[in-house]
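Summary of the model geometry
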Amino acid sequence: MNKRRWVAVGIFGVVVVGSILVSVMGSSDDQTEKNNLTTVQSILYGSNELAENQLEPGDVDKRIVKVTIDGTIADTGESSGLFSSEGYNHAFVLQQLQAIQEDDSIKAVLLEVNSPGGGVYESAELARQIHLIQDKKKALYVSMQSMAASGGYYISASADKIFATDETITGSIGVISSSLNYAGLLEKLGLKEQTYKSGALKDMNAPTKEPSEEEKNVMQDYINSSYERFVDIVATGRKLPKETVYKLADGRIYDGSQAVKNGLVDEIGYEDQALAALRKDKNLKHAQVFEYGTSSTGFAQTFFGAKLAQWQGLTQSPETRLTKVIESIGTQSAPKPMYMYGGE
């Protein structure tokens, strides 16, 4: 190795040894040790606290914050902010939405949505936080990007105004839960599962047997219950009769132009046009525009920093993240209901 690489390895070694020493030295009190580790980690990596990145200068007493929902809405169990991987981070988005509620200088939110939807629970969790923001009398506009379907529409429906482009894929209002059944294959192979259960429906959705009529009815009732909540969200948010929403909510997708015509979207426009309308409509012409991020050090962005954080358990390995995603959206043996565009 050349001199520069040896220096880098040496620095990495010092950091590792220092982290180990800090973790084993000092008081035996768990909370004290935890605080010491937090201090060292902050020095190495930065802070997990929200930082503000200014996008457009302006009045700091009347501000607009941009929040981005990009990707499948699923909780992978990642920490918020600093050590989150690329893509959607549920904890980080929730942290932002909660911070907005407590900041009186924030007068409006521009929610940028680019998502095929995701989990029923996670979508409802986001929608609840959005409603709490609106309860604080803060304006909320949505700018739909290439896709804001199913759960992506669910979290958008209550907005004061929704913008989409002609090419935006939206709609897909409904619930889906799917699994793979290979009972017929096992029968051809002469294999048969032997199961002992406490109740007739305890092994519902088992892929090794054909579902009974009772099981099908139970699952359909469960799906219908989630569907009704979705319809209520759309009807209330868009001020549409439920009968109208039922006609729109058969799972089909719409482009932006179709969505404007059927009342699911207000206007055709890109993000800059949505922001301009928000400024004009809410008398925020001179408002500062910012977005949230985290305060990180240069070391946190290096290969050694990423590996050290992973070794310390502060960030997930790719394998762990994949496992968490699968757990979040369900498996073939234990499918979950999803507000998810079926084409994904």
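Placed above this text is the structure.
Residues numbered from 1 in each chain as written. Predicted model: local features only at pLDDT ≥ 70, side-chain atom pairs only at ≥ 80, totals over all residues. Heavy atoms only, no water.

**Digging into the pattern of salt bridges**
All told, the structure shown has 14 salt bridges when counted by the stated rule. Here Asp103 and Arg63 are joined by a salt bridge, their closest N and O atoms 2.9 Å apart. With Asp103 in the loop between helix H3 (90-102) and strand E3 (106-115) and Arg63 in strand E2 (residues 59-70), this residue pair connects regions lying 40 residues apart in the sequence. What makes Arg63 buried here is its relative accessible area of 6%. Across the pair Glu213 and Lys216 runs a salt bridge, and its minimum N-O distance is 3.5 Å. Remark: Lys216 and Glu213 occur in helix H7 (residues 213-238); sequence separation between them is three residues, near one turn of the helix. Looking at Lys216, the relative accessible area reads 42%, which means it is partly exposed. The network of salt bridges with common partners includes Glu52, Arg63 and Asp103. (Salt bridge = Lys/Arg side-chain N within 4 Å of Asp/Glu carboxyl O. Helix = DSSP H or I, 4+ residues; strand = E, 2+ residues; numbered from the N terminus. Buried < 20%, exposed > 50% of the residue type's maximum accessible area, 1.4 Å probe, protein only.)

**Re unusual backbone geometry**
Look at Ser172: it is not a glycine, yet its phi comes out positive at around 55°. A relative accessible area of 5% means that Ser172 is categorised as buried. With a phi angle near 55°, Lys239 is a residue other than glycine that sits in the positive phi range. Judged by relative accessible area, which is 72%, Lys239 ranks as exposed.

**Looking at the side chain of Ser226**
Relative to the helices and strands, Ser226 is located in helix H7. Judged by its relative accessible area of 2%, Ser226 falls in the buried class. Excluding residues within four positions of it along the chain, Ser226 makes contact with Val120, Val175 and Tyr339. (Contact = heavy atoms within 4.5 Å.)

**Examining a nonpolar patch on the surface**
A surface patch of nonpolar side chains, about 510 Å² in accessible area, is lined by Leu180, Tyr182, Leu185, Leu189 and Leu191. Its location among the elements puts Leu180 in the loop between strand E7 (169-171) and helix H6 (183-189). (Patch = residues over 30% accessible without salt bridge, like charges linked within 9 Å, V, L, I, M, F, W, Y side chains within 5 Å. Areas by Shrake-Rupley, 256 points an atom, 1.4 Å probe, with all protein chains shown as cover.)

**Looking at H3**
Compared with an ideal rise of 1.5 Å per residue, which puts 13 residues at 18 Å, H3 spans 19 Å between its outermost C-alpha atoms and is within 8% of the ideal. Within H3 the residues assigned to the buried category are His90, Phe92, Val93, Leu94, Gln96, Leu97, Ile100 and Gln101. The N-cap of H3, judged by a side-chain oxygen 3.2 Å from the amide nitrogen of Ala91 a few residues on, is Asn89. (Expected span 1.5 Å × (residues − 1). Polar contact = N/O pair within 3.5 Å; in protein donor to acceptor, adjacent residues only side chain to side chain.)

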